[in-house]
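For reference, the chains in residue letters:
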Amino acid sequence: MSKEIKTQVVVLGAGPGGYSAAFRAADLGLDVTLVEARSTLGGVCLNVGCIPSKALLHVAKVIDDAKEMASHGVSFGAPEIDLDKIRSWKDKVVGQLTKGLDGMAKMRKVKVVNGYGKFTGAHTLQVDDTTITFEHAIIAAGSEPVALPFIPKDDDRVIDSTGALELKDIPKEMLVLGGGIIGLEMGTVYRALGSKVSVVEFADQLVPAADADVVKAYTKFNSKNFDIMLSTKVTAVEAKKDGLYVTFEGKNAPEKPVRYDKILVAVGRKPNGNLMDAAKAGVNVDERGFIHADKQLRTNVKHIHAIGDVIGQPMLAHKAVHEGHVAAEVIAGQKHYFDPRGIPSVAYTDPEMAWVGVTEKEAKEQGLQYEAATFPWAASGRAIASSRTEGFTKLIFDKETHRIIGGAIVGINAGEMLGEIGLAIEMGADAEDIALTVHAHPTLNESIGLAAELYEGSITDLP
Ligand code: FAD
């Protein structure tokens, strides 16, 4: 039997952007309907992205830490891997969070409609046999992994990030195609669990968005862990019974095809803008599937907003969340807009790579007058005591005002540490503000204060 729902705000997609927008709109007194194709809330991030990958990275970290202890006099022996248990632990983590969202939706009386939504007009959306009539819509449809045409499709030895998280087996030889954040994070997991992992990247450095010095420190530390082929691309994959034979081309290409047991394709994500008949509501979608939105997250149709991965880079959960809040507040009549001074990026690899604000690369491209100060962790008491001195902390300052405009950290816990730099950028702090902030000793965070002191020329002694 067909159903009809009339709502003030319909949100299409229940990822970090969608659920944040729905909850904020409900908190502001609006009647909200949240449409989601998956059987659970949370989108890519909670179900097949940020959260399950971090659960597995936690396992990888403990394995690596335990191994490292041997050189400090504590040996645990070789790890015994029970894949079923690891998988069910990861699923439990995901379940706890997605169920939490169910509760939060109920508490706010957000109606959840399960199914795939498509626009049928500027104020109507169809989800299976349910017609939803809305005053405002927020499109939060997210993105999905890009597939490569020359790679076999129906071969379960070729996986994307979702397949990698399923953790069906631990291949002996694995190729990660694409040296971006997602590929390296999943490569870290499989390497720790016992795979021999090779990474091929078309650009001349891994994680091309990050500054070269950051990636260099990561790559140097990992040269023993991964076989890394930069400036190289895959041109063909032949599926044979005994494995996948990969042909490479480029600077570091092996001469003959190389056999792998599994290939993880991690070459980026494409937006889902083309999948919901947006044109029927009058919303423009570009040729790549992105929907353009302004600083108030409005599309070209005033009462329809768009947020998250579907509106562009960076495709990150925290960007989607903040955009979701702004979209809901604008619909509720507030004059807010989304214009942060920095959006943090973190690769939860080992070591972690994290940056916020402008990178040096961007500063150069934009012709900014800047200066950078770098504090090497080789001089950090805490890093030495943790036997992890490969990292550094870099702050980027406006040359004239000495205000901080960017920063990057490579090292253990870099992602957690980055928050201080993000706050300093957002608050318009200058080098002196950071240098005069008393940081606890011995912490890795201290390196942020010390980088500012180095820049100010006020450093006296190193911890
Ligand atoms: P999504 O999370 O993609 O959610 C969109 C939802 O909309 C989906 O559930 C989809 O089913 C639904 N949908 C789409 N179209 C329709 C429709 N027409 N009708 C009904 N439902 C629809 N980001 C970070 O910030 N930190 C991380 O550590 C991180 N790790 C990641 C690890 C992996 C392996 C992956 C793949 C991604 C990771 N990301 C990470 C990126 C992050 O997951 C995304 O940026 C984030 O999920 C985007 O949120 P969103 O709300 O825009 O869309």
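- An unreviewed UniProt entry annotates the chain as Dihydrolipoyl dehydrogenase of Alkalimonas collagenimarina.
- What UniProt states about the chain under its Catalytic activity (unreviewed entry) heading is, verbatim, "N(6)-[(R)-dihydrolipoyl]-L-lysyl-[protein] + NAD(+) = N(6)-[(R)-lipoyl]-L-lysyl-[protein] + NADH + H(+)".
- The record held by UniProt for the chain lists under Sequence similarities (unreviewed entry) the comment "Belongs to the class-I pyridine nucleotide-disulfide oxidoreductase family."

1. What to know about the pairing of strand β22 (residues 404-411)
Now for step 1: Summarising burial for β22: seven of the eight residues are buried, a large majority.
Now for step 2: Of the pairings in the sheet, the one linking strand β19 (residues 352-357) to β22 comprises six bridges and is antiparallel in character. Bridging across to β22, Gly-357 finds its partner in Gly-406.
Now for step 3: Where strand β21 (residues 392-398) and β22 come together, six bridges link them in antiparallel fashion. For Phe-392, the partnering residue across the bridge sits in β22 and is Val-410.
Now for step 4: The turn linking β21 back onto β22 is made up of five residues, and His-402 within it adopts a positive phi angle of 65 degrees.

2. Quick word on the confidence of the model for the chain
Now for step 1: Averaged over every residue, the pLDDT of the chain is 97; the share at 70 or more is 99%.
Now for step 2: Across the whole predicted complex the pTM is 0.97, and at the interface the ipTM reaches 0.99.

3. With respect to the side chain of Lys-90
Now for step 1: Within the fold, Lys-90 resides in helix α4 (residues 83-107).
Now for step 2: With relative accessibility at 8%, the residue Lys-90 sits in the buried group.
Now for step 3: With near-sequence residues (within four places) excluded, Lys-90 lies in contact with Pro-52, Ala-55, Leu-56, Leu-165 and Glu-166.

4. Things to note about the sheet that holds strand β12 (residues 232-240)
Now for step 1: Taken in spatial order, the three strands of this open sheet run β12-β13-β14, and their pairing is antiparallel. Edge positions in the sheet fall to β12 and β14 (258-260), since each has one partner strand and no second. Averaged over all pairs of adjacent strands, the angle between strand axes in this sheet comes to 35 degrees, irrespective of strand direction.

5. Digging into the site of the ligand
Now for step 1: Around the ligand there are 38 residues in total, and Gly-17, Glu-36, Lys-54, Asp-309 and Ala-317 lie nearest to it.
Now for step 2: Between an oxygen atom of the ligand and a main-chain N or O atom of Val-44, the distance comes to 2.9 Å.
Now for step 3: The fraction of the free accessible surface of the ligand (1,000 Å²) that becomes covered by protein chains is 95%.
Now for step 4: Elements supplying a minimum of two residues to the shell around the ligand: α1 (16-27), β2 (32-36), α2 (43-48), α3 (50-69) and α8 (317-331).
Now for step 5: Among the elements that line the shell around the ligand, the one with the most residues is α2, at four residues.
Now for step 6: Tallied by class, the residues present in the shell around the ligand amount to 19 nonpolar, 14 polar and five charged.

Here is what the cut-offs are and how they apply
Residues numbered from 1 in each chain as written. Predicted model: local features only at pLDDT ≥ 70, side-chain atom pairs only at ≥ 80, totals over all residues. Heavy atoms only, no water. UniProt positions renumbered as here; feature names shortened; annotations may be inferred. Buried < 20%, exposed > 50% of the residue type's maximum accessible area, 1.4 Å probe, protein only. Helix = DSSP H or I, 4+ residues; strand = E, 2+ residues; numbered from the N terminus. Pairing = 2+ DSSP bridges. pLDDT = per-residue confidence, 0-100. Contact = heavy atoms within 4.5 Å. Axes fitted to C-alpha atoms, helices over the stretch in contact; angles between N-to-C directions. Near = heavy atom within 4 Å. Polar contact = N/O pair within 3.5 Å; in protein donor to acceptor, adjacent residues only side chain to side chain. Areas by Shrake-Rupley, 256 points an atom, 1.4 Å probe, with all protein chains shown as cover. Nonpolar A, V, L, I, M, F, W, Y, C, P; charged D, E, K, R; others polar.

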